[in-house]
Amino acid sequence: MAEKNLTVSSECNHQSKSHSACISKVPIFNHLENEQMDEIMQTVRPVSFKKGELLYRAGEVSDSLYIVNQGKVKIYRLSAGGKEQLIRLLLPGDFTGELALFHEGTHEVYAEAMEKASICMITRTELQQFLLKFPSISLKILQEFSSRLDTTEKQASRTAMENVETRLAMFLAETMDKAGTQEFILPMSKKDTASYLGTTPETISRKLAELEKQGYIKQKKQKKIEVIDLDGLLLV
């Protein structure tokens, strides 16, 4: 009996640490006091998803906030012809489903785990209560909305105005900046990169080879890229 109690206690401690790590990664929560984050942790529900499994699909009721604790999640639309358009890539600390905070409705996009993913979920009702109790969360959410709107506008502008090589060069530069190092692993497959940049996987492969031939980058094994000449890459 004592052994069983010890096992249950160990599982509870593991879940508590997992919840804490999840909340502390998210910009809309990590500015709060420890006691306030502890209160939010009590409402978090952990869910695991396998690679390729959907967190939600377009048309389903939107009633929760999904926070990525571990793994990667892609957000995408499907065209009338079934073609996938990648909108955003979520990494640990990122979240989706935030529109459910403001009105009842359905998802307009799909959210899919790109690898085994650990997700923390908070329902609309619970989160709305926290917004009233901790107003600073609302400001953080507005800041995130502003950032996403800016990113979406830039992405749309690039697709309409710039050629594929320039879009790819900017994507590599931005990925390097996020990684904080000249050598980094591409965050998504060539298929997903092509979807995000509005082109084809074959074109991505060809343009990467051209950028390497021009001396701007070096392709390595396991999707690794090293930026050799950032200034030159930004002028492509």
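Each chain carries its own residue numbering, running from 1 in the direction its sequence is written. Under the rules for a predicted model, residues below a pLDDT of 70 receive no local features and side-chain atom pairs below 80 are neither given nor counted, while totals for whole chains, interfaces and linings still include all residues. Each side-chain value is worked out from all heavy atoms of the structure, with water and hydrogens disregarded.

Let us now look at the pattern of salt bridges. For salt bridges, the criterion is a side-chain nitrogen of Lys or Arg within 4 Å of an Asp or Glu carboxyl oxygen. In total, this model carries 10 salt bridges according to the counting rule given. The shortest N-O distance in the salt bridge between Glu98 and Arg148 comes to 2.7 Å. Taken as a pair, Glu98 in the loop between β7 (95-96) and β8 (105-106) and Arg148 in helix α4 (residues 136-161) lie far apart in primary sequence, 50 residues in all. For Arg148, a relative accessible area of 10% corresponds to the buried category. With a shortest N-O distance of 2.7 Å, Glu144 and Arg148 are connected by a salt bridge. Taken as a pair, Glu144 and Arg148 lie in helix α4 at a separation of four residues, close to a single helical turn. Burial here depends on accessible area, computed with a 1.4 Å probe over protein chains only, as a share of the maximum for the residue type. Under 20% is buried, over 50% is exposed, and the range in between is partly exposed. Judged by its relative accessible area of 22%, Glu144 is partly exposed. Overlapping salt bridges, with partners in common, bring together Glu183, Lys220, Lys224 and Glu226 in one network. Strands here mean DSSP runs of E at least two residues long; helices mean DSSP runs of H or I at least four residues long; both are numbered from the N terminus.

On to the sheet that holds strand β12 (residues 217-219), then. Strand pairing in a sheet relies on backbone hydrogen bonds. The paired strands run either parallel or antiparallel. The rule for pairing is simple: two strands pair if DSSP sees at least two bridges between them. Taken together, the three strands give an open sheet; going across it, the order is β11-β13-β12, and neighbouring strands pair in antiparallel fashion. A single partner strand is all that each edge strand has here, and the edge strands are β11 (183-185) and β12. Between one strand and the next, the sheet's axes are offset by a mean angle of 25°, whatever the strand orientation. Looking at chain direction, β11 and strand β13 (residues 224-227) are connected through three bridges and run antiparallel. The partner of Ile185 across the bridge, within β13, is Lys224. Any two residues whose heavy atoms approach within 4.5 Å at even a single point are treated as in contact. To get an axis, a line is fitted to the C-alpha atoms, and for a helix only the part in contact is used. The angle between two axes follows their N-to-C directions and goes from 0 to 180 degrees. Packing of helix α7 (residues 201-213) onto the sheet brings it into contact with β12 and β13, and relative to β12 it is tilted by some 125°.

Once that is clear, we can look at the sheet that holds strand β6 (residues 84-90). Spatial strand order, β2-β9-β5-β6: four strands in an open sheet with antiparallel pairing. Looking along the sheet, the strands with just one partner apiece sit at the ends: β2 (54-56) and β6. Each strand of the sheet is rotated relative to its neighbour by a mean of 30°, with strand direction disregarded. In this sheet, strand β9 (residues 110-113) lies alongside strand β5 (residues 73-78) in antiparallel orientation, the contact comprising four bridges. Bridging across to β9, Ile75 finds its partner in Ala111. Along the sheet, helix α6 (residues 190-197) contacts β5 and β6; its crossing angle with β6, the most-contacted strand, is approximately 105°.

UniProt positions are given in the numbering used here, feature names are shortened, and annotations may be inferred rather than shown by experiment. UniProt annotation of "domain: Cyclic nucleotide-binding" (unreviewed entry) refers to residues 28-148 when read in the numbering used here. As annotated, residues 28-148 comprises 26% helix and 37% strand, and the C-alpha atoms at either end are separated by 14 Å.

A separate point is the domain arrangement of the protein chain. Annotation of the protein chain at the domain level lists domain 1 (34-137) and domain 2 (162-234). Residue ranges for the domains trace back to a domain assignment, done automatically or taken from a database. A straight line from the C-alpha centre of domain 1 to that of domain 2 covers 28 Å. Both faces considered, domain 1 and domain 2 share a buried interface measuring about 640 Å² in area, 51% of it formed by carbon and sulfur atoms. In this assembly, domain 1 and domain 2 are joined by one salt bridge. Two residues, Asp192 and Lys74, come together in a salt bridge whose shortest N-O distance is 3.1 Å. Between N or O atoms, a polar contact is any pair within 3.5 Å; within protein, one atom must be a potential hydrogen donor and the other a potential acceptor, and residues adjacent in sequence are included only when both atoms are from side chains. The interface formed by domain 1 and domain 2 includes four residue pairs in polar contact (both at pLDDT 80 or more). Of all the elements, β6 adds the most residues to the side of domain 1 that touches domain 2, at five residues. Charged residues are taken to be Asp, Glu, Lys and Arg, nonpolar residues to be Ala, Val, Leu, Ile, Met, Phe, Trp, Tyr, Cys and Pro, and polar residues to be all remaining types, Gly included. Its residues assigned to classes, the side of domain 1 that touches domain 2 shows four nonpolar, one polar and three charged. Values labelled buried area give the accessible surface lost by two parts on being combined, using a 1.4 Å probe and summing over both.

Direction of pairing for β5 relative to β6: antiparallel, over a ladder of six bridges. In the sheet register, Ile75 faces β6, and the bridge partner there is Arg88. Between the antiparallel neighbours β5 and β6 lie five residues, among them Gly82 with a positive phi of about 90°.

For the rest of this paragraph, the subject is the environment of Met121. Summarising the element assignment, Met121 is placed in strand β10 (residues 117-123). The spacing of Met121 and Thr166 is 45 residues in sequence and 37 Å in space, taken between C-alpha atoms.

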